[in-house]
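So the chains spell out like this:
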Amino acid sequence: MKTSLLSLLALVAGCTVVVRPPAEPRREPPPQERPPEQQPPPVTVVILEVPPGHLPDPGECRLWYPGVSPGRQPRPRSRPCEEIAQIAPAGSWIVYRPNYDRRLAYVRVVDERRPGIVIRVRIFDLETYRLVREELPQEERPPVQPPPVQPPPAQPPPVQPPPPPPLSPLFRAAPLAVPTEQLPDPGECRLWIPSAPLIQEPLPRSRSCQGIAAIAPPRTWIVYRPSDNSRLAYIGVEDERRAGVLIRILAYDLATTHLVRDELPQADWPPVQPPRVERPPIQPPVQPPPVQPPPVQPPPAQPPPAQPPPVQPPPVQPPPVQPPPAQPPPAQPPPVQPPPAQPPPAQPPPAQPPPPPVSTATLNVPPGHLPELGECRVWIPGVPPGLQSRPKSRSCDGIVANARAGSWILYRPVNEPKLVYVRIIDEHRAGIVVRVQVFDIQTKRLVREESP
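Within each chain, residues carry numbers counting from 1 in the order of the written sequence. The predicted nature of this model means local features are confined to residues of pLDDT at least 70 and side-chain atom pairs, given and counted, to a pLDDT of 80 or more, with totals for whole chains, interfaces and linings taken over all residues. Excluded from the side-chain calculation are hydrogens and water; included are all heavy atoms of the structure.

Participant: Would you mind going over empty space enclosed by the protein with me for this structure?
Facilitator: Detection works on a 1 Å grid of protein atoms alone, calling trapped sets that fit a 1.4 Å probe cavities and calling open sets with protein on both sides within 12 Å along at least five of seven lines pockets, with lining residues defined by an atom within 4 Å of a point. Grid points are joined across faces, edges and corners, and a volume is the space filled by probe spheres set on the points. Under the criterion given, the structure shown has one cavity of 30 Å³ or more. By volume, the largest cavity is sized at about 30 Å³. As for the largest cavity, its lining consists of Leu363, Val365, Pro366, Pro367, Leu370, Ile441 and Lys444. Residue classes follow a fixed rule: Ala, Val, Leu, Ile, Met, Phe, Trp, Tyr, Cys and Pro count as nonpolar, while Asp, Glu, Lys and Arg count as charged, and any other residue, Gly among them, counts as polar. Across the lining of the largest cavity, the residue classes tally to six nonpolar, no polar and one charged.

Participant: I would appreciate a short explanation of the sheet that holds strand 7 (residues 221-224) in the present structure.
Facilitator: Strand pairing in a sheet relies on backbone hydrogen bonds. The paired strands run either parallel or antiparallel. A pair of strands is considered paired only if DSSP assigns at least 2 bridges between the two. Secondary structure is summarised from DSSP: a helix means a run of H or I of at least four residues, a strand means a run of E of at least two, and numbering begins at the N terminus for each. As summarised here, the arrangement of the five strands in space is 6-7-8-9-10, forming an open sheet in which the pairing is antiparallel. Strands at the two margins of the open sheet, each flanked by one partner only, are strand 6 (189-192) and strand 10 (258-263). Averaged over all adjacent pairs, the angle separating strand axes in this sheet is 25 degrees, with direction ignored. For helices, the fitted axis covers only the stretch in contact; all axes are lines through C-alpha atoms, and the angles between them, taken along N-to-C directions, range from 0 to 180 degrees.

Participant: Any chance you could explain the pattern of salt bridges here in plain terms?
Facilitator: Two side chains with opposite charge may pair up if their charged atoms get near one another. We define a salt bridge as a contact between a side-chain nitrogen of Lys or Arg and a carboxyl oxygen of Asp or Glu at a distance within 4 Å. Evaluated as defined, the whole model comprises 16 salt bridges. Shared partners join several salt bridges into a network, and the residues in it are Arg120, Arg122 and Glu134.

Participant: Looking at this model, I keep getting lost on the state of the cysteines. Mind explaining?
Facilitator: Think of a disulfide as a covalent bridge from one cysteine sulfur atom to another cysteine sulfur atom. The disulfide definition used here is simple: a pair of cysteine sulfur atoms within 2.5 Å. According to the stated counting rule, one finds three disulfides in the structure shown. The disulfide partner of Cys189 is Cys209, and the S-S distance across this bridge is 1.9 Å. The S-S bond linking Cys189 to Cys209 shows a torsion near 95 degrees; that makes this disulfide right-handed. Taken together, the positions of Cys189 in strand 6 and Cys209 in the loop between strand 6 and helix 2 (212-215) put the pair 20 residues apart, joining distant regions of the chain. On the basis of relative accessible area, Cys189 is assigned to the buried category, the value being 0%. Disulfide pairing is shown between Cys376 and Cys396; the S-S distance is 2.0 Å. One disulfide, between Cys376 and Cys396, carries an S-S torsion of 90 degrees and so falls in the right-handed class. Of this pair, Cys376 sits in strand 11 (residues 376-379) while Cys396 sits in the loop between strand 11 and strand 12 (408-411); the two residues are 20 residues apart in sequence, bridging distant segments of the chain. When a residue's accessible area, from a 1.4 Å probe over protein chains only, is under 20% of the maximum for its type it is buried; when over 50% it is exposed; and in between it is partly exposed. Judged by relative accessible area, which is 2%, Cys376 ranks as buried. The connectivity of the disulfides in the chain is 1-2, 3-4, 5-6, where the numbers refer to bonded cysteines in sequence order.

Interpretation note: all reported values are geometric properties and have no functional meaning in isolation.
Take a look at the structure:
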């Protein structure tokens, strides 16, 4: 009985449950909020979107449309800053690089709705292309670079020439892209396509300026040489999208091929020169055949003159004295006869020049591309007929001086319509004729070759 009671007590002790109160949750201290003045400002990085090769030259400006690819940006890449804000469209940028610090670029932001109204100016570092600071617009920015004032040169006892002025910013502009031999004649104009091969340039090389601005296609140049100043050449730049609309005029010095000045287009540009008087074409002289002198005829032989018989004196009468025997008269010698006149020796006929060697050279110019009678044209050997220079027929006046090296000058004389004269220009010197070949038009074979 006692053992059973002990077992029961042990069982009750093992089943005892200890009840504890629940633990309170751990409370975190509330975060301490910083005052507004201690909050760090948000970091904003503004990057310049203009590539380095599309920035203007130092001291000049350009227009830029944000969000447009560089290849579709307006031209020119660099131009003077005068009056550029007046033509800036709404939402565009005016990019300016100062001369005094070439590491910076000023971007004048034009209003989104009002063209020509600058609302702010951003300054970028060109090494990192990041925004340095932002300013309010001012009327004097971008500043126009005034020409540097040169002090008067000191006059020492020996008179020294004044120092040359510093180079203008225009000196760093691109030189004249038109070769000198492709320029028009003084007082005339021509069309030119920038960056096109020479064989694709429009012809003629020189023509009247009347009406040329109205027919000029977009992105072309009108090249004009004034008759009163042969050292200058003017380039009229056509609009990128509108035909016959000039946007500016560039003046170049032909001696240095440097840009001299930039002008605004005028209504009467280029000026029309009075038509020049065309002189008649120069006909090559016709060589007459050599005159053969008649053969010399010997003079007819004259018979010797008849000699009268000698007069005999009367016989002497002897005295009555017995005369001696009469002596016969002495024999008279016959008169000396002059020798008969000998005819001069006959002259042999003049030697005829040997016939020219027979050549197999042929004329490779189609009949439809030959010039008219009495006129000329320039032909480039080895070039297809469709790519030859125009016009097909023109006056011969001045055509030799303007012919390029290695070309031919075709000429059809009026008095010899079945022949064509080919003047061959030297391979290395333009305008120098080295020989003249004469071809038959029907057979296209070489007839003869002459010296120029």
